[in-house]
Amino acid sequence: MAASISTAHARDQIRIVGSSTVYPFSSYVAEELGETTDWPTPVIESTGSGGGLKLFCDSNDMDSPDITNASRRMKPSEFDRCAENGVTDITEAMIGSDGIAFAQSNKNDSAAFTREQIAMALLEKVPVDGELVDNPHKKWSDIDSSLPDREIRVYGPPTTSGTRDAFEELVLEAVTEEMEEYGNKGYANLRKDGAYVDAGENDNLIVQKLEKDTDAFGIFGYSFLDENSDKLIGSDIDGVAPEPEAISAGDYPIARSLWFYIKNSHADEVPAMADYVDLFMSDKMISDLGALKGIGLITLPQAELEEWQERVADRAKLKKSDLK
């Protein structure tokens, strides 16, 4: 039975969970809210997109999160989980887009990859002589002599991360569904022999690892590459550099949309939510001249931006059919 909301639990401070990729943008808005209004700065936890949506959907009581950030869209199965737990009035907000960088220490020469080369380096099973076998590749140069003569080691996000979901879909599945050896079906099982290293939800930790482990590459959102351009260099993917214009135009092949989800049933008991959401969706934050562009957000085209601003202002109720 769904938990009821008690006015005895009304609070001023917003609780936000979710994506590490959206975290810097959400934090900026939270700090601005705390500095420019009488509301306390919201508490934000970087739990990963999947972890955040689980917490968001697990309960409707006032101890549960008011908002969750996501670097992928909510899944229909997650919508069902919300509904089962009484979380039935949700508004979906798209704030912009982001590229997934494949980056390394700038102490190295720049390197360019195709998605197929990355897939063949990281998948657990790869085709050899028409058969799928355990991945034999030890060095990048084993895949193609033009690639770095360095051991394959990639620090990336865990399974709870929206960045991981998007990487698997846009790189691993996109490559393998075109290959007969995989039955023309998407295959995304990553190696477990140390070539892919689950580095946790905090993208800043991946950045720190790349500073020390200069042979390795890392997978994280473009905004972290932008913030650390004095330390890291991104790789061209399929001939396209990870740059804002290419990501916004859809030319960069590893790009995805960024979201947050609002638990409208908490709005009366957490009145600060209205001001936070309005500020986040404002031109001041997410337009082409907004503050978040300055910290790496790839902004939406104007017409699409206005559509999302209107939907969120109206607190349009999310339907499962919207997610298909």
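Before reading on, note that the structure itself is shown above.
Summary of the structure given here. (Residues numbered from 1 in each chain as written. Predicted model: local features only at pLDDT ≥ 70, side-chain atom pairs only at ≥ 80, totals over all residues. Heavy atoms only, no water.)

Another point: the overall build of the chain. A count of helical and extended segments in the chain gives 12 helices and 13 strands. Against the globule reference of 20 Å for 324 residues, the chain gives a C-alpha radius of gyration of 21 Å, in line with a compact fold. The principal-axis extent of the C-alpha atoms belonging to the chain is close to 65 × 40 × 35 Å. Taken across its 324 residues, the chain has 52% of its residues classed as buried. (Helix = DSSP H or I, 4+ residues; strand = E, 2+ residues; numbered from the N terminus. Rg over C-alpha atoms; globule rule 2.2 N^0.38 Å. Buried < 20%, exposed > 50% of the residue type's maximum accessible area, 1.4 Å probe, protein only.)

What follows is about the layout of surface pockets. Its volume calculated, the largest pocket comes out at about 210 Å³. Looking at which element gives the most residues to the lining of the largest pocket, the answer is helix 6 (residues 162–176), with seven residues. Of the residues assigned to the lining of the largest pocket, the class counts are four nonpolar, three polar and seven charged. (1 Å grid on protein atoms, 1.4 Å probe; cavity = no way out; pocket = protein on both sides within 12 Å on 5 of 7 lines; lining within 4 Å. Points joined across faces, edges and corners; volume = space filled by probe spheres on them. Nonpolar A, V, L, I, M, F, W, Y, C, P; charged D, E, K, R; others polar.)

Moving on, we get to the side chain of threonine 91. Tracing the backbone shows threonine 91 in strand 4 (residues 90–105). For threonine 91, a relative accessible area of 1% corresponds to the buried category. For threonine 91, the side chain forms a polar contact with the main-chain oxygen of alanine 316, separated by 2.9 Å. With residues near it in sequence (within four places) discarded, threonine 91 still touches Phe260, Tyr261, Ile262, Asn264, Arg311, Val312, Arg315 and Ala316. (Polar contact = N/O pair within 3.5 Å; in protein donor to acceptor, adjacent residues only side chain to side chain. Contact = heavy atoms within 4.5 Å.)

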